[in-house]
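Spelled out, the chains give:
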Amino acid sequence: MSEQGDQREARLAKLKAMQQEGRDPFAETKYERTHLAAELQEHFQELEGNNITVAGRLMAIRQHGKSAFADLADGSGQVQLFARLNELGEEVFARFLDLDLGDIVGARGNLMKTRSGEVSLLLEDFTLLAKSLRPLPEKFHGLKDVETRYRQRYLDLIVNEEVREVFKKRARMITRLRRSLEERGFVEFSTPILQPIYGGANARPFTTHHNALDMRLYMRIAPELYLKRLLVGGFEKVYEIGPMFRNEGVDARHNPEFTMLEAYQAYADLEDMMDLFEGLVVELAEEVCEGTTFTYRGNEIDVAPPWRRLPLLAAVEEATGVDFRELSGDEEARAACAELDLGHTDADNWGALLDKAFDRYVQPELIQPTFVVDYPVAISPLAKRKPEELDTTFRFEPFIGGEELGNAFAELNDPLDQRRRFEQQAAAREAGDEEAHPLDEDFVTALEYGMPPAGGMGLGVDRLAMLLLDAPNLREVIAFPLLRTREAE
RNA sequence: GGGCCGGUAGCUUAGCUGGCAGAGCAGGGGACUCUUAAUCCCAAGGUCGGAGGUUCGAAUCCUCCCCGGCCCA
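Residues numbered from 1 in each chain as written. Chains lettered and ligands numbered in written order. Predicted model: local features only at pLDDT ≥ 70, side-chain atom pairs only at ≥ 80, totals over all residues. Heavy atoms only, no water.

A. Highlighting the domain arrangement of chain A. The assigned domain composition of chain A is domain 1 (3-136) and domain 2 (158-307 + 368-476). For domain 1 and domain 2, the distance between their C-alpha centroids amounts to 48 Å. (Domains from an automatic or database assignment.)

Here is the structure:
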């Protein structure tokens, strides 16, 4: 029998014995707490001597013969329990010593400080509220194995305080994001996650099936086309924060499901979207970094506006020597890029090669906040053309710390042009581009009714959390990242 | 998909040029009424990710597979 088996057997035996004596911890339904652990620490002077109840998980026990100390952790922090034989009596003291690390316990006692100054409850009584049947990871080194940390995030959260902090901050970011948008007059929507036609981004979708309607559905890769329908309907500032699904690989910067914000504003242009993007990032940085400066991977970053602007094609030319403006087709682009270490394939078209050249040679250098601007229309099927430069669009992608954080444009509202763009996407699809947009006929119809000129932006929430919290990868800011399933033990 | 790295007790890990798998914490027994990584004594705990192979002998070398990480695609 394995050691864990032994420990589990021992704890099961204790549980059974308690249940036979009529003390079933799993029968408990409520425990009235007077205080949280952190309150006892912060307001000790006012609370000293008071009779207090707390509840939480037993994280450490230090026995001393006829006395014992224990650390009790609740959602706010920890407080020490001080158990003494002559306060509790033989029976209760013995029951206390019978507790195991990890047990969920409610405790009552008088608040005091030990000689060494530790805020403690001098225990008068306690109730076992849930028996922990499995041993916790080690108290000092915590849980380090990343696979176990992700597969059993609850263990990670129990023993690694800094992980709890990351998720508290992530939650504050999302709360603050909503507040910032509401303050600006944006209205929140929940648009379909299950979509008959996907769109709004270049990505492959997850496919599913609705049984009753016998209908193929896609998990959304973006909410864009629905939010713009709301602009057609007369809403002028709309946003959505929620999960998106892209059927792609998993790595340090990608999880197949991730959280994204998209916001659309009627009668606003790309400049307004830059102001909005800068404003939101500044407010989130102030929320969790206490200012506009923070460190990411050793780089000091300051998100105070205005952010630098960098034209895409000029930046690529400067970094690679290849001027994509002078390359008229896919063939020429492939030839021009042959010398670059892009690992491209024969199926890569002009736009794909431009993306790869940018990703490899420009993006890693964009440490301080930068709006990359002037994206070609060929890789921007939903963005409005610049009147003075028809093959270029009003579009930017923001980069910080070498990470892509989003995407924004002046939204294309010309239904005839939109239809042509969709047709070009269909052609690219025919040529093997699996990430090209499918034609959304109803979206074009909506545009034909008239959509006001509008700016729109998307912000990758997990990416921004990774950045502001200086997390080494995206999984550290996603509570339950996708992992390959393993046989249950 | 490719390259590199890793998987040893519940947890953190040593052992890796082949020769009885070791420690700390947790768990068990004992001592201890102010400890906080408590301390002290005792005993126990292992399918070395899995399957093959080489060898007198494999955690260690070889092959394949599984899972994870990093980088590239």
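B. Quick peek at the pattern of salt bridges. Throughout the structure, instances matching the rule amount to 37 salt bridges. The salt bridge involving Glu403 is made with Arg253; its shortest N-O contact spans 2.7 Å. A residue pair is termed long-range when its members are at least 10 positions apart, and Glu403 in strand β19 (residues 403-404) and Arg253 in the loop between β10 (237-245) and β11 (257-266) qualify at 150 residues. Several salt bridges share partner residues, and in doing so they unite Lys14, Asp98, Asp100, Asp103 and Lys131 into one network. (Salt bridge = Lys/Arg side-chain N within 4 Å of Asp/Glu carboxyl O. Helix = DSSP H or I, 4+ residues; strand = E, 2+ residues; numbered from the N terminus.)

C. View of the layout of surface pockets. Each pocket or cavity is described by its volume, and for the second largest pocket that value is around 620 Å³. Around the second largest pocket, the lining is made up of 26 residues, and of these Met59, Gln78, Ile158, Val159 and Arg164 lie nearest the centre. It is helix α7 (residues 161-183) that provides the largest number of residues to the lining of the second largest pocket, a total of four residues. Residue composition of the lining of the second largest pocket, by class: 11 nonpolar, six polar and nine charged. (1 Å grid on protein atoms, 1.4 Å probe; cavity = no way out; pocket = protein on both sides within 12 Å on 5 of 7 lines; lining within 4 Å. Points joined across faces, edges and corners; volume = space filled by probe spheres on them. Nonpolar A, V, L, I, M, F, W, Y, C, P; charged D, E, K, R; others polar.)

D. Representation of the environment of Val316 in the model. Relative to the helices and strands, Val316 is located in helix α10 (residues 312-320). By relative accessible area, Val316 is classed as buried at 0%. Ignoring anything within four residues of it in the chain, the contact list for Val316 reads Gly321, Val322, Phe324, Leu354, Ala357, Phe358 and Val362. (Buried < 20%, exposed > 50% of the residue type's maximum accessible area, 1.4 Å probe, protein only. Contact = heavy atoms within 4.5 Å.)

E. Representation of the pairing of β10 in the model. Most of β10 is tucked away: seven of the nine residues are buried. Inspection of the sheet shows strand β6 (residues 187-188) paired to β10 by two bridges, in the parallel sense. Counted as the bridge partner of Glu188 is Tyr239 from β10. Judged from the nine bridges that link them, β10 and β11 form a sheet pairing that is antiparallel. Across the sheet, residue Ile241 finds its bridge partner in β11, namely Leu261. (Pairing = 2+ DSSP bridges.)

F. Layout of the protein's contact with RNA strand B. Not every one of the 44 residues close to RNA strand B is listed here, only the nearest: Thr114, Ser116, Lys139, Glu147 and Arg484. Sugar and phosphate atoms represent 60% of those atoms of RNA strand B found within 4 Å of the protein. The separation between a phosphate oxygen of RNA strand B and a polar main-chain atom of Lys66 is 3.4 Å. Within the side chain of Glu118, an N or O atom sits 3.2 Å from a base nitrogen of RNA strand B. A per-element tally of the surface near RNA strand B places helix α1 (residues 3-20) first, with four residues. A breakdown of the residues in the surface near RNA strand B according to their chemical character gives 12 nonpolar, 15 polar and 17 charged. (Near = heavy atom within 4 Å. Polar contact = N/O pair within 3.5 Å; in protein donor to acceptor, adjacent residues only side chain to side chain.)

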